[in-house]
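Results of the structural survey
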Amino acid sequence: MKGAGAGAKTQGVKVVASNRRARFDYEVETSYEAGLALTGSEVKSLRAGNVSLSDSYAQPRGRELFLVNCRIGEYGPASYLGHAPLRERRLLMNRAEIEKIRGKVEQRGYTLVPLSLYFKQGWAKVELGLARGRKHADRRDAIAERETRREMDRAMSRRRR
């Protein structure tokens with residue numbers, strides 16, 4: 001049974017940060033999983049939960065994708081060998097997926113929004129959503145729909161009692 005405990009430990013997904021505002025501001029159509037090219041101090045800072053996905057987005061450049069405006073805070077013990085908190089980070093994906101995403105972003109006006117950042121089997125991953133921006137009226141409709149769903153659930157739970 002050598003290593004039985006270690007295998008079970010690394011199988012899970014540990015969510016570090018999620019961008020809850022993205023699902024409200026954007027209509028997410030499809031989502032993709034991408035790896036992140038990080039330095040050592042960035043990984044340690046992520047494991048400590050020192051990250052913010054608000055106002056961040058992904059952008060195709062050349063044949064690569066980059067995560068822009070994602071703040072990974074400095075890791076204190078790294079001292080002067082640390083990293084820049086707001087640097088652009090390269091995303092690791094299949095070439096075919098990158099080309100498909102590039103076509104939609106450049107021609108159809110989609111936006112690539114990071115939905116969550118997590119560790120999967122020890123590797124840092126980001127879930128990207130291919131999304132369209134919502135208008136103000138669409139946001140109001142989403143709020144109204146959510147409220148009616150909540151009221152129906154409350155009524156059903158009262159009825160069960």
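Refer to the preceding data block for the structure.
Residues numbered from 1 in each chain as written. Predicted model: local features only at pLDDT ≥ 70, side-chain atom pairs only at ≥ 80, totals over all residues. Heavy atoms only, no water.

**Some remarks on the overall build of the protein chain**
The number of helices and strands found in the protein chain is five helices and nine strands. Helices (α) and strands (β) of the protein chain occur, in sequence order from the N terminus, as α-β-α-β-α-β-β-β-β-β-α-β-β-α. For a compact globule of 161 residues, the expected C-alpha radius of gyration is about 15 Å, and the protein chain comes in at 19 Å, more than 25% above that figure. Seen through its C-alpha atoms, the protein chain measures out along the principal axes to roughly 55 × 50 × 30 Å. A burial count over the protein chain gives 32% of its 161 residues as buried. As displayed, the protein chain offers around 10600 Å² of accessible surface, 48% of which is attributable to carbon and sulfur atoms. Looking at the protein chain, you have 34 positive and 19 negative side-chain charges, and the mean spots of the two groups are 6 Å apart. (Helix = DSSP H or I, 4+ residues; strand = E, 2+ residues; numbered from the N terminus. Rg over C-alpha atoms; globule rule 2.2 N^0.38 Å. Buried < 20%, exposed > 50% of the residue type's maximum accessible area, 1.4 Å probe, protein only. Areas by Shrake-Rupley, 256 points an atom, 1.4 Å probe, with all protein chains shown as cover. Lys, Arg positive; Asp, Glu negative; His and termini not counted. Charge placed at Lys NZ, Arg CZ, Asp CG, Glu CD.)

**Things to note about the layout of surface pockets**
Considered as a void within the structure, the largest pocket measures approximately 160 Å³ in volume. If you go around the largest pocket, the residues you meet are Asn 19, Arg 21, Ala 22, Asp 25, Tyr 26, Ser 54, Asp 55, Ser 56, Tyr 57, Thr 111 and Val 113. Counting only elements with at least two residues in the lining of the largest pocket, the list comes to helix H2 (20–25) and strand E8 (111–120). Ranked by residues supplied to the lining of the largest pocket, first place goes to H2 with three residues. Residues belonging to the lining of the largest pocket are distributed by class as follows: four nonpolar, four polar and three charged. (1 Å grid on protein atoms, 1.4 Å probe; cavity = no way out; pocket = protein on both sides within 12 Å on 5 of 7 lines; lining within 4 Å. Points joined across faces, edges and corners; volume = space filled by probe spheres on them. Nonpolar A, V, L, I, M, F, W, Y, C, P; charged D, E, K, R; others polar.)

**Quick word on the nonpolar core**
Ranked by size, the top nonpolar core spans 26 residues in total, and within it Leu 46, Leu 91, Met 93, Ile 101 and Leu 128 carry the most contacts. When residues of this core are traced back to their parent elements, those giving at least two are strand E1 (13–18), strand E2 (26–36), strand E5 (64–68), helix H4 (95–108), E8 and strand E9 (123–133). (Core = buried A, V, L, I, M, F, W, Y, C linked by side-chain atoms within 4.5 Å.)

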